[in-house]
Amino acid sequence: MAAISASMVKDLRERTSLGMMECKKALKEADGDIELAIENLRKASGLKASKKAGRTAADGVVSAKVADDNSYAVLVEVNSETDFVARDEGFLAFVNTVVEKAFADKQTDVATLMAGELESARETLVQKIGENINVRRVNLVEGGVIDAYVHSNNRLAAVVQLEGGNAELARDVAMHVVAVNPQVVRPEDMPADIVEKEKEIIKAQPDMEGKPEAIVEKMMGGRIKKFLKEGSLLEQPFVKNPEVTVGKLAEEGGATVTSFTRLEVGEGIEKDETDFAAEVAAQVAASKG
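Cut-off values and rules
Within every chain, residues take consecutive numbers counted from 1 along the sequence as written. Only residues with pLDDT of at least 70 are given local features in this predicted model, and only at 80 or more are side-chain atom pairs given and counted; all residues enter the totals for whole chains, interfaces and linings. Hydrogens and waters are ignored; side-chain quantities use all the structure's heavy atoms. By the criteria applied, helices consist of DSSP H or I runs no shorter than four residues and strands consist of E runs no shorter than two, each listed in order from the N terminus. Here the expected length of a helix is defined as 1.5 Å per residue gap, with one fewer gap than residues. A 1.4 Å probe rolled over the protein chains alone gives each residue an accessible area, and that area as a share of the maximum for its type sets the label: buried under 20%, exposed over 50%, partly exposed in between. For this quantity, the arc is that covered by the directions from the helix axis to the C-beta atoms. Strands are labelled as partners when DSSP assigns at least two bridges between them. Axis angles are defined between N-to-C directions and span 0 to 180 degrees, where every axis is a line fitted to C-alpha atoms and, for a helix, only to the segment in contact. Contact between two residues is taken to exist if any of their heavy atoms lie within 4.5 Å; hydrogens are not considered. Pairs of N or O atoms within 3.5 Å make up the polar contacts considered here, provided that, within protein, one atom can donate a hydrogen while the other can accept it, and that residues adjacent in sequence are counted only when both atoms are side-chain atoms. Salt bridges are identified by distance alone: a Lys or Arg side-chain nitrogen within 4 Å of an Asp or Glu carboxyl oxygen. Put simply, angles under 35 degrees are roughly parallel, angles over 145 are roughly antiparallel, angles from 65 to 115 are roughly perpendicular, and the rest are oblique. By convention, the crossing between two helices is left-handed when the near helix turns anticlockwise from the far helix through less than a right angle, and right-handed when the turn is clockwise. Note on residue categories: nonpolar means Ala, Val, Leu, Ile, Met, Phe, Trp, Tyr, Cys or Pro, charged means Asp, Glu, Lys or Arg, and polar means any other residue, Gly included.

A. Looking closely at helix α9 (residues 192–203). Taking 1.5 Å per residue, twelve residues should reach 16 Å; α9 reaches 16 Å between its end C-alpha atoms and fits that length. Val-195, Glu-198, Ile-201 and Ile-202 are the residues of α9 that are buried. Summarising the axial view, the buried residues of α9 lie within an arc of 120 degrees, below the 170-degree limit, and thus occupy one face. With respect to the buried face of α9, the exposed residues turned more than 90 degrees away are Ala-192 and Asp-193.

So, in structure tokens, the structure goes:
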């Protein structure tokens, strides 16, 4: 049985808005697996989809560079251990060098990109700053009309590719992607395994219990349709004008949205977080014992 820390309970509370004891119990039943605990809570209580994890697992920045003719762009993530270093001029200059080389070479393989001078520059910076620095991801988007949006904190960025339209429209849609975080461009793009998992969760919710199969299927159909609509870029109300959907905005601009790429600093990286208050309390208790 995995130990359930105060920070794990706090994380689950932030993501579900449920009470402390309920979150602690769910984590115990899921043996400390937060994602499984959320899934079980959704099945048991009809809890809506959880909020995205509030804390990032690593620091650093994301950066983008778009060609002058808006025909291609690169999107890069470079990690540091702390947000203090992520604001350091030397670190940001290194990030800029990485972006420029990735852009010039149209190179997405990090090992190939870093071979030689860039790796030497990274090692020198690590020695100077005293933190590990890592070029994590490089994305290249090419063809059509492309533009990017990097949020002011340099922790979120997106590149959007259009067929038709113009760079201003692509940038507006990229801003929406950063703000709302859609999963796919259109409902039919949603992976089948994600749809099936959502169906399982919906079927297991309390208000489905005891209902005839035909009613369950009808109710589930409506909820799946809503789930797909909420997760699809073209179906979402445009963040700058909720009166129109992103799909309608693109249509009015004479464009079709081909793809989007969104990067968030540290997503998917696990970083140990020490609960200092709990640690000190444990040490005090141990010394008294």
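Alright, that's what it looks like, and here's the rest.
B. Structural context of the sheet that holds strand β4 (residues 145–150). With antiparallel pairing, three strands are arranged side by side in an open sheet as β4-β5-β8. Strands with a single pairing partner mark the edges of an open sheet, and in this sheet they are β4 and β8 (255–264). Taken over all neighbouring pairs, the strand axes of this sheet differ in orientation by 15 degrees on average, direction set aside. Contacting β4, β5 (156–164) and β8, helix α8 (residues 167–180) crosses the sheet at an angle of about 40 degrees to β4.

C. Structural context of helix α5 (residues 89–105). Look at α5: 24 Å from first C-alpha to last across 17 residues, which is about the 24 Å you get at 1.5 Å a residue. Those residues of α5 that sit buried are Phe-91, Phe-94, Val-95, Val-98, Val-99, Ala-102 and Phe-103. Packed against the buried residues of α5 are β1 (59–66), β2 (72–80), α4 (83–86), α6 (110–114), α7 (117–129) and β3 (134–142). Capping the start of α5 is the job of one residue whose side-chain oxygen sits 2.9 Å from the backbone nitrogen of Gly-90: Asp-88.

D. Seen up close, the pattern of salt bridges. One pass over the structure, following the stated rule, counts 14 salt bridges. For Asp-83, the salt bridge identified is with Arg-87, shortest N-O distance 3.7 Å. Exposure remark for Arg-87: the relative accessible area of 55% places this residue in the exposed category. Salt-bridge contacts for Arg-186 lead to Asp-189; the nearest nitrogen and oxygen are separated by 3.4 Å. You can call Arg-186 partly exposed: its relative accessible area is 22%. Through salt bridges that share partners, Glu-77, Arg-136 and Arg-137 make up one connected network.

E. Structural context of the pairing of β4. Of the pairings in the sheet, the one linking β4 to β5 comprises six bridges and is antiparallel in character. Bridging across to β5, Val-150 finds its partner in Ala-157. Here β4 folds back onto β5, and the loop between the two strands holds five residues, one of which, Asn-154, carries a positive phi near 60 degrees.

F. A look at the packing of α9 against helix α10 (residues 213–231). Their axes nearest at 10 Å, the elements α9 and α10 cross at an angle of 130 degrees. Comparing their axes, α10 and α9 come out oblique. By crossing handedness, the relation of α9 to α10 is classed as right-handed. Facing α9, whose interface residues are Ile-194, Val-195, Glu-198, Lys-199, Ile-202 and Lys-203, α10 presents Glu-213, Val-216, Glu-217, Met-220, Arg-223, Ile-224, Phe-227 and Leu-228. Taken together, the residues that form the contact of α9 with α10 break down as eight nonpolar, no polar and six charged.

G. Spatial organisation of the side chain of Asn-79. For Asn-79, the position within the fold is in strand β2. With a relative accessible area of 6%, Asn-79 lands in the buried category. Here the side chain of Asn-79 touches Asp-59 through a polar contact of 3.2 Å, landing on its backbone oxygen. Setting aside anything within four residues of it in sequence, one finds Asn-79 in contact with Ala-58, Asp-59, Gly-60, Phe-91, Asn-132, Ile-133, Asn-134, Arg-136, Val-265, Gly-266 and Ile-269.

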